[in-house]
Amino acid sequence: MYDTIIIGGGPAGLTAGIYAMRGKLKALCIEKENAGGRIAEAGIVENYPGFEEIRGFELAERFKKHAEKFNLPIIYEEVVDIEIGEDRHKVITKNNVYETKTILIATGTKPKRLGIENKFIGKGVSYCTMCDAFFYLNKDVIVIGRGTPAVMSAINLKDIAKKIILITDKSELKVAEPIMLDKLKEIKNLEIIYNAKPLEIVGDEKAEGVKIEVNGEIKIIKADGIFISLGHEPNTEFLKGKVKLDERGFIITDENCRTNVKGIYAAGDVRGGVMQVAKAVGDGCVAMANIIKEVKG
């Protein structure tokens, strides 16, 4: 029986884990992939206090090491379900069942799909510029997306790709921080195509370009690789019918990160709203502070 189980080992989950261990709770963190979270896929992080500039993967590694310093147990399994009880809950993975007094859901998000790329995922189509950019060193690449995610992808690619073609279905690019548009304007190897509807990924064995419709005209834009940057959607499929979700699938909580179910909390991007690492860290702190109060009475 655990005092708390944290589902997700990103910034929110690991921050919560640090507070749980300092609070002397019997805690467990269950992570599906890599501890540190999606921040590892970011390029240079410039807006996390205390670091004027740090690479995303380095920041993720620092989060992990900090949690390990306090001996937070982290296991790598995929959670597929939870069972809600009156005074205890169960967290069910593909391999095991764990009992706990409280649960903190910090499962984050995953990339939104375009819907026309399935055949070419991993064959010229990627969702992560930091993961796959160097496969396209000195080559032409397409970024399909909108807003902040598309702009960040273009910025991450500017010193790697020979040419970047940013294709968006919007008439303008709206970003979370206006300074990002200043950086976009500085990219000399960038072309932007606005009001473009992607129709089809073209190619035989691998993606070779995209067919788009612009103002009623059909065009084929050729490139060596395609990055899809449409933003993210929450990892909450296993929670349907368990806790309240909004119309987009994000978990609904109060200001203390409590869900509608006693003993179940949520933190980080899975709550929606501002998706920044600083906010995720704050959520992890708030959620675990309230979990400690609940467990210790």
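For the structure itself, look to the data block above.
Scoring rules and cut-offs
- Residues numbered from 1 in each chain as written.
- Predicted model: local features only at pLDDT ≥ 70, side-chain atom pairs only at ≥ 80, totals over all residues.
- Heavy atoms only, no water.
- Helix = DSSP H or I, 4+ residues; strand = E, 2+ residues; numbered from the N terminus.
- Contact = heavy atoms within 4.5 Å.
- Salt bridge = Lys/Arg side-chain N within 4 Å of Asp/Glu carboxyl O.
- Buried < 20%, exposed > 50% of the residue type's maximum accessible area, 1.4 Å probe, protein only.
- 1 Å grid on protein atoms, 1.4 Å probe; cavity = no way out; pocket = protein on both sides within 12 Å on 5 of 7 lines; lining within 4 Å.
- Points joined across faces, edges and corners; volume = space filled by probe spheres on them.
- Nonpolar A, V, L, I, M, F, W, Y, C, P; charged D, E, K, R; others polar.
- Core = buried A, V, L, I, M, F, W, Y, C linked by side-chain atoms within 4.5 Å.
- Expected span 1.5 Å × (residues − 1).
- Arc of directions from axis to C-beta.
- Pairing = 2+ DSSP bridges.

### Examining the environment of Val125
Assignment of secondary structure puts Val125 in strand E10 (residues 125-126). Apart from the residues within four sequence positions on either side, Val125 is in contact with Glu117, Phe120, Ile201, Ala207, Ile226 and Ile228.

### With respect to the pattern of salt bridges
A pair can form between side chains of opposite charge whenever their charged atoms are brought close. Applying the stated criterion across every chain yields a total of 18 salt bridges. The residue Glu41 makes a salt bridge to Arg38 at a minimum N-O spacing of 2.8 Å. For Arg38, a relative accessible area of 30% translates into the label partly exposed. Across the pair Lys262 and Glu294 runs a salt bridge whose closest N-O atoms are separated by 3.5 Å. Taken together, the positions of Lys262 in the loop between strand E18 (232-234) and strand E19 (264-266) and Glu294 in helix H6 (residues 277-296) put the pair 32 residues apart, joining distant regions of the chain.

### Observations regarding the layout of surface pockets
Taken as a whole, the second largest pocket spans an internal volume of roughly 190 Å³. Lining the second largest pocket we find Thr15, Ile18, Tyr19, Tyr48, Phe51, Leu59, Arg62, Phe63, His66 and Val281. Put simply, the parts of the chain that give the lining of the second largest pocket at least two residues each are helix H1 (11-22) and helix H2 (56-69). Looking at the lining of the second largest pocket, its residues break down into seven nonpolar, two polar and one charged.

### Topic: the nonpolar core
One broad trend across soluble globular proteins is that nonpolar side chains are buried collectively. One finds Tyr48, Leu59, Phe63, Leu72, Leu104 and Met288 to be the most contacted residues of the largest nonpolar core, which totals 33 residues. Elements represented by at least two residues in this core include exactly H1, strand E2 (27-31), H2 and H6. Sequence-distant contacts of Tyr48, that is, excluding residues within four places in its chain, are made with Leu59, Phe63, Val277, Ala278 and Val281. Core analysis: the next-biggest nonpolar cluster, separate from the first, contains 20 residues, Ala154, Leu157, Ile164 and Phe227 among them.

### Looking at H2
Each α-helix winds once per 3.6 residues, and so residues spaced three or four apart point in a common direction. A rise of 1.5 Å per residue sets the reference length of H2, with its 14 residues, at 20 Å; its end C-alpha atoms lie 20 Å apart and thus fit the reference within 8%. Gly56, Leu59, Ala60, Phe63 and Ala67 are the residues of H2 that are buried. What you see down the axis of H2 is that its buried residues fit within an arc of 105°, all on one side. Summarising the geometry of H2, the exposed residues directed more than 90 degrees from the buried face are Phe57, Lys65 and Lys69. As for H2, its buried residues are in contact with H1, strand E3 (44-45), strand E4 (54-55) and H6.

### Looking at the pairing of strand E16 (residues 217-222)
Across six bridges, the pairing between strand E15 (residues 207-214) and E16 is antiparallel. Its bridge partner lying in E16, Val214 is registered against Glu217. In sequence, E15 turns back onto E16 through a hairpin of two residues, with Asn215 there showing a positive phi of about 50°.

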